[in-house]
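One-letter residues, chain by chain:
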Amino acid sequence: MIGRTVQAEKMAVLGEFATGVAHEVRNPLATIKLTVQALEKGEPDDQRRDLLVAVEEEIDRLNRVVGDLLDYGRPVAGEPQAVGIRRVFRHATVLTSGLADQRQVTVSATGDSRLAVYASPDQVIQCLVNLLANAIEACEPGGTVHLRAFRNGNRISVDITDTGCGMDAETLQRVTEPFFTTRQQGTGLGLSITRQLIELNGGDLQIHSVPGEGTTVSVTLPTANSDKLELASPSHTKEQSTA
Ligand code: ADP
Ligand code: MG
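Model, not experiment: these values are computed from the prediction.

S.K.: Explain the overall build of the chain to me, please; I cannot follow it from the model alone.
M.R.: A tally of helices and strands in the chain yields 7 helices and 7 strands. Looking at the chain residue by residue over its 243 residues, the buried ones come to 31%. Considering only residue pairs separated by 6 or more positions, the chain has 74% of its internal contacts joining residues 24 or more positions apart.

S.K.: Looking at this model, I keep getting lost on the nonpolar core. Mind explaining?
M.R.: Note on soluble globular proteins: their nonpolar side chains tend to be buried together. Counting residues in hydrophobic clusters, the biggest one holds 40 residues, and the most contacted among them are Val117, Leu128 and Leu132. No other element matches the 10 residues that helix α4 (residues 121–138) contributes to this core. In this view, Leu128 contacts Val88 and Ala92; residues no more than four positions away in its chain are not counted.

S.K.: I tried to follow unusual backbone geometry on my own but got confused; where do I start?
M.R.: Negative phi values dominate among residues other than glycine, just as trans dominates among peptide bonds. Positive phi outside glycine occurs at Gln104, with the angle close to 55 degrees. Among the secondary structure elements, Gln104 is positioned in the loop between α3 (85–103) and β2 (106–110). The phi dihedral of Phe179 falls on the positive side, at around 75 degrees, and the residue is not glycine. Mapped onto the elements, Phe179 comes out in the loop between α5 (169–174) and α6 (190–200).

S.K.: Hey, could you run me through the environment of Val53 in this one?
M.R.: For Val53, the location among the structural elements is in helix α2 (residues 45–73). For the pair Val53 and Thr223, spaced 170 residues apart in the sequence, the C-alpha separation amounts to 48 Å.

S.K.: Teacher, can you tell me more about the packing of α3 against α4 here?
M.R.: How two helices pack is summed up by the angle between their axes together with the distance between the axes. α4 packs onto α3 with a crossing angle of 25 degrees between their chain directions and a minimal axis gap of 9 Å. It follows from the interaxial angle that α3 and α4 lie roughly parallel. Every pair of crossing elements has a handedness; the one defined by α3 and α4 is right-handed. Within the contact between the two elements, α3 uses Val88, His91, Ala92, Leu95, Thr96, Leu99, Ala100 and Arg103 and α4 uses Val124, Ile125, Leu128, Val129, Leu132, Ala133 and Ile136.

S.K.: Explanation requested: α4 in the structure shown.
M.R.: Each turn of an α-helix holds 3.6 residues, which means side chains three or four residues apart point in the same direction. Taking 1.5 Å of rise per residue, 18 residues should cover 26 Å, and α4 covers 26 Å from first to last C-alpha, within 8% of that figure. In terms of burial, α4 is a largely internal element, 15 of the 18 residues being buried.

S.K.: Got a minute to help me understand the sheet that holds strand β4 (residues 144–152) in this structure?
M.R.: The strands that make up a sheet pair up through hydrogen bonds in the backbone, lying either parallel or antiparallel. The strand order β2-β4-β5-β7-β6 describes an open sheet built from 5 strands, whose pairing is mixed. The two strands at the open ends of the sheet, each matched to only one other strand, are β2 and β6 (204–210). Sheet twist, expressed as the average angle between the axes of neighbouring strands with direction ignored, equals 15 degrees. As judged from the 8 bridges shared by β4 and strand β5 (residues 155–162), these two strands associate in the antiparallel manner. Along β5, the bridge assignment pairs Val145 with Asp162. Its contacts with the sheet put α3 on β2, β4 and β5, and the angle it makes with β2 is roughly 175 degrees. α6 contacts β6 and β7 (214–222) of the sheet and is inclined by roughly 140 degrees relative to β6.

S.K.: What is the right way to look at the pairing of β6 in this model?
M.R.: Here 7 bridges tie β6 to β7, and the two strands are oriented antiparallel to one another. Note that in β7 the partner of Asp204 across the bridge is Thr220.

S.K.: Please clarify how α3 should be interpreted in this entry.
M.R.: Between its first and last C-alpha, α3 extends 25 Å over 19 residues, near the 27 Å set by a 1.5 Å rise per residue. The largest bend in α3 comes to about 50 degrees, at Ser97. Inspection of α3 places Ile85, Arg86, Arg87, Val88, Phe89, Ala92 and Thr96 among the buried residues, and these make up the whole buried set. In this structure, the buried residues of α3 make contact with β1 (81–84), β2, β3 (116–119), α4, β4 and β5.

S.K.: What's the story with the packing of α4 against α6 in this structure? I'm lost.
M.R.: Packing of α4 against α6 leaves a shortest axis separation of 9 Å and a crossing angle of 150 degrees. Crossing of α4 over α6 shows left-handed handedness. Contacts between α4 and α6 involve Gln123, Gln126, Cys127, Asn130, Leu131, Ala133 and Asn134 on the former and, on the latter, Gly190, Ile193, Thr194, Leu197 and Ile198. Residue classes in the contact of α4 with α6 are distributed as 6 nonpolar, 6 polar and no charged.

Reading the values: the criteria
Residues numbered from 1 in each chain as written. Chains lettered and ligands numbered in written order. Predicted model: local features only at pLDDT ≥ 70, side-chain atom pairs only at ≥ 80, totals over all residues. Helix = DSSP H or I, 4+ residues; strand = E, 2+ residues; numbered from the N terminus. Buried ≥ 20, exposed ≤ 12 C-beta atoms within 10 Å, placed from the backbone. Contact = placed C-beta atoms within 7 Å. Core = buried A, V, L, I, M, F, W, Y, C linked by C-beta atoms within 7 Å. Axes fitted to C-alpha atoms, helices over the stretch in contact; angles between N-to-C directions. Parallel < 35°, antiparallel > 145°, perpendicular 65-115°, else oblique. Left-handed = near helix turned anticlockwise from the far one by under 90°. Expected span 1.5 Å × (residues − 1). Pairing = 2+ DSSP bridges. Bend = angle between axes of the 7 residues up to and from the residue. Nonpolar A, V, L, I, M, F, W, Y, C, P; charged D, E, K, R; others polar.

Pasting the structure below:
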C-alpha cells in the first residue's frame, strides 16, 4: 500500500516536472515560429535584424533550459572526498567572476583555510556557482557578495550573503520549486538542483532573506578531517592565507 502511494506521488511529481519542461521549451519555440513566419513575409531590412536577434535570444533560452536540465538529470551522488574550502571558494569565484564584473558586484570570501568538507568536489563547486550567480544577479551595481565558511559543531557551514533585492515570504516559499523564477533570463532550475545536490552530499540548505536588504543562503555539509585533505590535495597544503 505504502509502495503504491509513493509510486503515485512520484508519478505526480514527474507529471508536474514534464509539464514544466514542456512549457519552458514550447514558449521559445512558439516565439521562434512566429518570428520566422514574419521574416518569411518579407519584413523591411531594419526590422529583419531585430527579428533575427529575437530568434537568437530564444535559441539561447532553449540552450539554457536544456543545459540546466542535463544537470538535473545527472545528480547521481559523486564520489565524496575531503575537499578544502579554499579550493571550493577559488573555483566558484573564478567561474562567476565574469558575471560579477559585468554586474559590478564585489565578491569576497573568508574562512579558515584548514576547513574541509567531505563531499563530491564537482558538486559542491557547482552548488556554490549556482548560489553565487543568484547572489550576484540579485545585486545592483556596487552591491557585495560575501562567502564565509566556519565550523558548525561537527559540520561545516558556508554562508553566501548578498546585499541584493531580497525576497518576500511568498517568493521564499517557492524558490526551490523547479522552474520557479522571477528573472527574465532565469530557468528556475538553479536552486532546485542545488538543494538536491547538497542533500545528496549529506548536507542541507537554508535561506534567510529580507526584502530590500539582502539574502543569506547557508549550506551545511559534513566535515572532513584535515589529515584526509592533505592526502587528497598535497599541492594546496602550503597555502596559508584565508580564501
Ligand atoms: P533562476 O536563477 O534561473 O531564476 P533559481 O532556482 O536559481 O532560478 O532561483 C529561483 C528564484 O529565486 C530567482 O528567480 C529569484 O527570484 C530567487 N532568488 C534566488 N536567489 C536569490 C537571491 N540571492 N536574492 C534574491 N532572490 C533570489
Ligand atoms: Mg539561478
